[in-house]
Amino acid sequence: MVRSELVSCLLQENASLAAAEVEHIVSIFFDEIVGQLRNGGRVELRGFGTFSARTRDARTGRNPRTGEAVEVDSTNVPYFKPGKEMRQRLNA
């Protein structure tokens, strides 16, 4: 499912809302998750899962074209851990 499909599903279940309103709600939802992760926090959605950010250490990589060693800076990467209820529903 892509973002536009999510908006379409929400529109079908909430006919009283305009498409622009639903798109705005979805944008706010995702922006708040990213903002919380950027600030070093985590987001827990009960029954769904937990979003957090993990730090990937700096390392020496290789340029695949030339084979030359390249320094790769440390970065933050998103991490998602599904909740118990989600795992149970997925495997039911």
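In this text the structure is predicted, and so the values were computed from the model without any measurement. (Residues numbered from 1 in each chain as written. Predicted model: local features only at pLDDT ≥ 70, side-chain atom pairs only at ≥ 80, totals over all residues. Heavy atoms only, no water.)

Trainee: Looking at this structure, I do not really get the environment of Glu5. What am I missing?
Mentor: In this fold, Glu5 is placed in helix H1 (residues 3-13). As for Glu5 and Gln36, which are separated by 31 residues in sequence, their C-alpha atoms are 25 Å apart. (Helix = DSSP H or I, 4+ residues; strand = E, 2+ residues; numbered from the N terminus.)

Trainee: Even after reading the chapter, I still don't get the layout of surface pockets, so can you show me in this structure?
Mentor: Using a probe with the size of a water molecule, rolled over the atoms, empty space left in the structure can be pinpointed. Considering only enclosed or pocket space, the largest pocket measures out at about 230 Å³ in volume. Every residue lining the largest pocket is listed: Leu6, Phe29, Phe30, Ile33, Val34, Leu45, Phe48 and Phe51. It is helix H2 (residues 19-38) that contributes the most residues to the lining of the largest pocket, 4 residues altogether. Tallied by class, the residues present in the lining of the largest pocket amount to 8 nonpolar, no polar and no charged. (1 Å grid on protein atoms, 1.4 Å probe; cavity = no way out; pocket = protein on both sides within 12 Å on 5 of 7 lines; lining within 4 Å. Points joined across faces, edges and corners; volume = space filled by probe spheres on them. Nonpolar A, V, L, I, M, F, W, Y, C, P; charged D, E, K, R; others polar.)

Trainee: Quick question: what am I supposed to make of the packing of aromatic side chains here?
Mentor: The relation between two aromatic rings is expressed through the spacing of the ring centres and the mutual angle of the planes. The tally for this structure, following the rule as stated, stands at 4 aromatic pairs. Centre to centre, the rings of Phe48 and Phe51 are 6.5 Å apart; their planes meet at 35 degrees, and the pair counts as tilted. Taking the centre distance of 4.8 Å and the plane angle of 45 degrees together, the rings of Phe51 and Phe80 count as tilted. With Phe51 in strand E2 (residues 49-56) and Phe80 in strand E5 (residues 75-82), this residue pair connects regions lying 29 residues apart in the sequence. Take Phe80: its relative accessible area is 31%, and that puts it in the partly exposed class. One aromatic cluster is present, formed by Phe48, Phe51 and Phe80 through successive ring pairs. Positioned above the aromatic ring of Tyr79, the side-chain terminus of Arg54 is 3.5 Å from the ring centre. (Phe/Tyr/Trp six-rings, centres within 6.5 Å; stacked < 30°, edge-to-face > 60°. Buried < 20%, exposed > 50% of the residue type's maximum accessible area, 1.4 Å probe, protein only. Lys NZ or Arg CZ within 6 Å of the ring centre and 35° of its normal.)

Trainee: I keep staring at the pattern of salt bridges and nothing clicks. Help me out?
Mentor: Opposite charge on two side chains permits them to pair, given that their charged atoms come into close proximity. Within this structure, the stated rule accounts for 4 salt bridges. Between Arg42 and Glu44 there is a salt bridge, with the nearest N and O atoms lying 3.0 Å from each other. For Glu44, the salt bridge identified is with Arg46, shortest N-O distance 3.0 Å. The exposure class assigned to Arg46 is exposed, which follows from its relative accessible area of 75%. In the salt-bridge network here, residues are joined through shared partners; they are Arg42, Glu44 and Arg46. (Salt bridge = Lys/Arg side-chain N within 4 Å of Asp/Glu carboxyl O.)

By themselves these figures say nothing about function.
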